[in-house]
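What the coordinates show
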Amino acid sequence: MKIFDLTGKTAMVTGGNGGIGLAMADSLAQAGANIAIAARNAEKGAVAVAQLAAHGVEAAFIPVDVTDTASIEAAVAASADRFGGLDILINNAGTNVRKRPEILSLDEWRLVIDTNLTSAFVASKAAHGPMLAAGGGKIINIGSMLSLFGASFSTAYGASKGGIVQMTRSMATAWADDNIQINAVLPGWIDTDLTRQARKDVDGLHQRVLNRTPAGRWGKPEDHAGIAIFLASSASDFVTGAAIPIDGGFSIQI
Ligand code: NDP
């Protein structure tokens, strides 16, 4: 369908070499976009690039450490150079250090905030110029259920993901005039490397999530394919500053 068509568009996905980022990148590639996968692990990156290229688009791995401002700026510039512009940015790279606040060090706090929140600000700022040059753009920020709720083991992560929602609203207001729509996606509990570790770290988490999710299952990375295409395409041109849960109903059940 034409409103979902991304042919000729370029997207950069941070942390797009696996998990939710790769599933979103794959859906954009299926809709015709060329994709820059920006992450650290080049081995996973090569596998991801091959998967995306199989859809008949161009794909490239761009190394980045999102805790390093210069590295992000270079990666955004490299993505725009490689494909002759940048239309879509997905700020997806993320990490967590699961500890109660009294034992969470300041360095651990900074690592989580830098990776999850500051990186999205820096990448969006770097993408603003290329998006202006293209006459507009789409930014998708990845939040979490911890954008909405608290957890004893997620002080820094919750702060970073709550910040993602408020940053999204502020930047969406600022750049509406530039025809740049900025939205946040809030995944529920999704089966990825990140939550495989969480299930080891947090007793009973697996069953608690099942009990509380009306859909009765953990999410899959592929559950984010539709929202990625919608928010990256002209189908969402009048949607900005929203925070959309993809959670099987987790956030609407008491
Ligand atoms: P993954 O562990 O599969 O993905 C995390 C990605 O972030 C990896 O691709 C990793 O790249 C990248 N990354 C981490 N640190 C850096 C860094 N310093 N520089 C560059 N890239 C980095 O987990 P998910 O797919 O689950 O997570 C993706 C996003 O979704 C995160 O923002 C996460 O917080 C969010 N989320 C996940 C939920 C879930 O249930 N899984 C729920 C809610 C939100 P590399 O391999 O190169 O290190």
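Here's a quick rundown of the structure. Source: prediction; values computed, not measured.

The next thing to look at is the environment of Trp189. Relative to the elements of secondary structure, Trp189 occurs in the loop between β6 (180-187) and α6 (193-201). Separated by 24 residues in the primary sequence, Trp189 and Thr213 have C-alpha atoms spaced 8.9 Å apart. Apart from the residues within four sequence positions on either side, Trp189 is in contact with Thr195, Leu205, Val209, Trp218, Gly219 and Phe250.

Quick look at the site of the ligand now. Within the structure, the ligand sits among 29 residues, and Asn17, Asn41, Lys44, Tyr157 and Thr192 are positioned closest to it. Measuring from an oxygen atom of the ligand, one finds a backbone N or O atom of Ile20 at 2.8 Å. Tyr157 is positioned with one of its side-chain polar atoms (N or O) 2.5 Å from an oxygen atom of the ligand. Top contributing element to the shell around the ligand by residue count: α6, with three residues.

We now examine the nonpolar core. It is characteristic of soluble globular proteins that their nonpolar side chains tend to be buried jointly. Membership of the largest hydrophobic core comes to 42 residues, with the highest contact counts inside it found for Met12, Ile72, Val76, Leu89, Ile139, Ile182 and Leu205. Of all the elements in the fold, those that place two or more residues in this core are β2 (34-39), β3 (59-63), α3 (69-83), α4 (106-133), α5 (155-175), β6 and α7 (205-212). The greatest single-element share of this core, amounting to seven residues, is contributed by α4.

Our focus in this paragraph is unusual backbone geometry. The phi torsion at Asn179 lies on the positive side, around 60 degrees, for a residue other than glycine. Here Asn179 shows up in the loop between α5 and β6.

Rules of the game
- Residues numbered from 1 in each chain as written.
- Predicted model: local features only at pLDDT ≥ 70, side-chain atom pairs only at ≥ 80, totals over all residues.
- Heavy atoms only, no water.
- Helix = DSSP H or I, 4+ residues; strand = E, 2+ residues; numbered from the N terminus.
- Contact = heavy atoms within 4.5 Å.
- Near = heavy atom within 4 Å.
- Polar contact = N/O pair within 3.5 Å; in protein donor to acceptor, adjacent residues only side chain to side chain.
- Core = buried A, V, L, I, M, F, W, Y, C linked by side-chain atoms within 4.5 Å.
- Buried < 20%, exposed > 50% of the residue type's maximum accessible area, 1.4 Å probe, protein only.

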